[in-house]
Structures are given as structure tokens and as C-alpha cells.
Amino acid sequence: MSDLSPPKAIIFDWDNTLVDTWPTIHDAMNTTLKHFGHDLWNLSETRTRVRKSMRDSFPVLFGDQWEDAATIFYDRYTAIHLERLEPLDHAGVMLKHLHEAGIFLAIVSNKTGSYLRCEAEHLGWNIYFENLIGASDALHDKPASDPVHMALEGSGLTAGSDIWFAGDADIDLECGLNAGCIPVLIREEKPKPGEFDSHPPARHVKNSKEFKDLVLNTLV
């Protein structure tokens, strides 16, 4: 039995928590950088630097041209994202089990909401989630708590210690903590010393299978 309380709701990040989208994001990002004469990023740089939503990050990268940059990024992303969309191992099975266990499931992502919902429907996963909240759907994006509160609408629940927030990046843990939820890190790599000192995860699991087992153990 886990010493964590059973979650009444679980809010997931999307990109690279449930699906592998780094190659697609990397392609679209470098297409945009190249257009504006910026140095291209390697995949490691993309993984490190892509965290915030476009409305928060692109003005810093592209200044007054950020909306033009957004158009170029999304033109490329739209052309390739569904054909390259890959579920991460065990993610679909995990969602099915958690849904059948009666846990309220939602998504909070910094991906534009229309793309998020399109990808979930493409995978047939939209049936598992009560709400799928993307960038610009709430007043502020992750790491602000606004999208967490929106994700819980219709559940009768409020953000707190019986709500888990699961993601692969520091911004997910920060968002969960900002909302008063239990943050869980899902990624193969263990946290580095000092990496999450300001927003430590309550737990780290390597993949969706371990996360499913962690949740189900709290229900025993």
C-alpha cells in the first residue's frame, strides 16, 4: 500500500508524458528558427528549451515578429503532427485502467487546445478525459494554476492534496504545486541532484506502467 492518498482526480501533461512529440516539435521549431535566420537547435536543446506556451515563449525568441513565427511553426506542425504522433509505451493501457477505476482524468498542456484535442481524438483517447485544457484556454498557461482549475470543472472537486498532477518536466511539477496538488514526475531519467529543489516531485516513476501501479496501489 502506498503512503500517498488515493487521487480523486489526475491531471496529466500531454506532450512527452503520454505521447512522443519531440521529433515533431523539433522539426517545426527549426523550420521557424531557420526562417528568421536563427541558429538551429539540436534535439537536446529543443527538449530543454520548449517548456512554456507559445504566447509566453515566442515573444522572447522572436520579438515583435512572434505572431508571424507562430504562423510558420503551426503551418509546419499541422502538416506533420498526426502522421508522426506516437503514444508512449503503456500509456493507452494505463489510461484505460485509471478510467475504469472511476478516477476523474483531465489534461493540462501548453500545446494549443485545438491541436491537443485533435491528437487525443486521433488516438481515441478523448473518451478517457473529462477536460482537455490547452494553451490559451485559461486566462494564464502553465505553470499558473488557472488551467488546473479549469481542468477540474464538472468534477465537483477543488485543487488540493487529493488531486495529482503528472508530467515529465519542471513546469508540470511547478504547476501542480502552484495549484496545491500532488506532483508526480513521469520520465525514464531520474531527477538530477538539485534539479527540482524549488518544486520537488512527490514521486518519480519511469513510465506509464509504473504510474498506473502507483495509483492502483493507493486504492488497495
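The structure this text deals with has already been given above.
Here is what the cut-offs are and how they apply
Residues numbered from 1 in each chain as written. Predicted model: local features only at pLDDT ≥ 70, side-chain atom pairs only at ≥ 80, totals over all residues. Heavy atoms only, no water. Salt bridge = Lys/Arg side-chain N within 4 Å of Asp/Glu carboxyl O. Helix = DSSP H or I, 4+ residues; strand = E, 2+ residues; numbered from the N terminus. Phe/Tyr/Trp six-rings, centres within 6.5 Å; stacked < 30°, edge-to-face > 60°. Contact = heavy atoms within 4.5 Å. Buried < 20%, exposed > 50% of the residue type's maximum accessible area, 1.4 Å probe, protein only.

## Things to note about the pattern of salt bridges
Point 1. Applying the stated rule across the entire model yields 15 salt bridges.
Point 2. We note a salt bridge from Asp 141 to Arg 55, for which the minimum N-O separation is 2.6 Å. Taken together, the positions of Asp 141 in the loop between β5 (131-135) and α7 (146-151) and Arg 55 in helix α3 (residues 54-62) put the pair 86 residues apart, joining distant regions of the chain.
Point 3. Linking Asp 137 and Arg 117 is a salt bridge whose minimum nitrogen-to-oxygen distance equals 2.9 Å. Of the two residues, Asp 137 sits in the loop between β5 and α7 while Arg 117 sits in helix α6 (residues 113-123), which places them 20 residues apart along the sequence.
Point 4. Counted as one network, the salt bridges with shared partners bring together Asp 13, Lys 142 and Asp 172.

## Focus on the packing of aromatic side chains
Point 1. In the structure shown here, the tally under the stated rule is 10 aromatic pairs.
Point 2. Among the aromatic residues, those joined into a ring-pair cluster are Phe 36, Phe 58, Phe 62, Phe 73, Tyr 74, Tyr 77 and Tyr 115.

## What to know about the environment of Lys 52
Point 1. Note that Lys 52 resides in the loop between α2 (43-49) and α3.
Point 2. Expressed as a C-alpha distance, the spacing of Lys 52 and Asp 141, which sit 89 residues apart in the sequence, is 7.9 Å.
Point 3. Here Lys 52 is in contact with Ser 57, Asn 110 and Ile 171, once residues within four sequence places are set aside.

## Examining unusual backbone geometry
Point 1. A cis geometry characterises the amide bond from Lys 142 onward to Pro 143, with omega recorded as 15°.
Point 2. One can find Pro 143 in the loop between β5 and α7.
Point 3. The phi dihedral of Asn 16 falls on the positive side, at around 70°, and the residue is not glycine.
Point 4. Within the secondary structure layout, Asn 16 lies in the loop between β1 (9-12) and β2 (19-20).
Point 5. By relative accessible area, which is 10% here, Asn 16 ends up buried.
Point 6. At Ser 136, a position not held by glycine, the phi torsion is positive, near 75°.
Point 7. Given a relative accessible area of 45%, Ser 136 falls into the partly exposed group.

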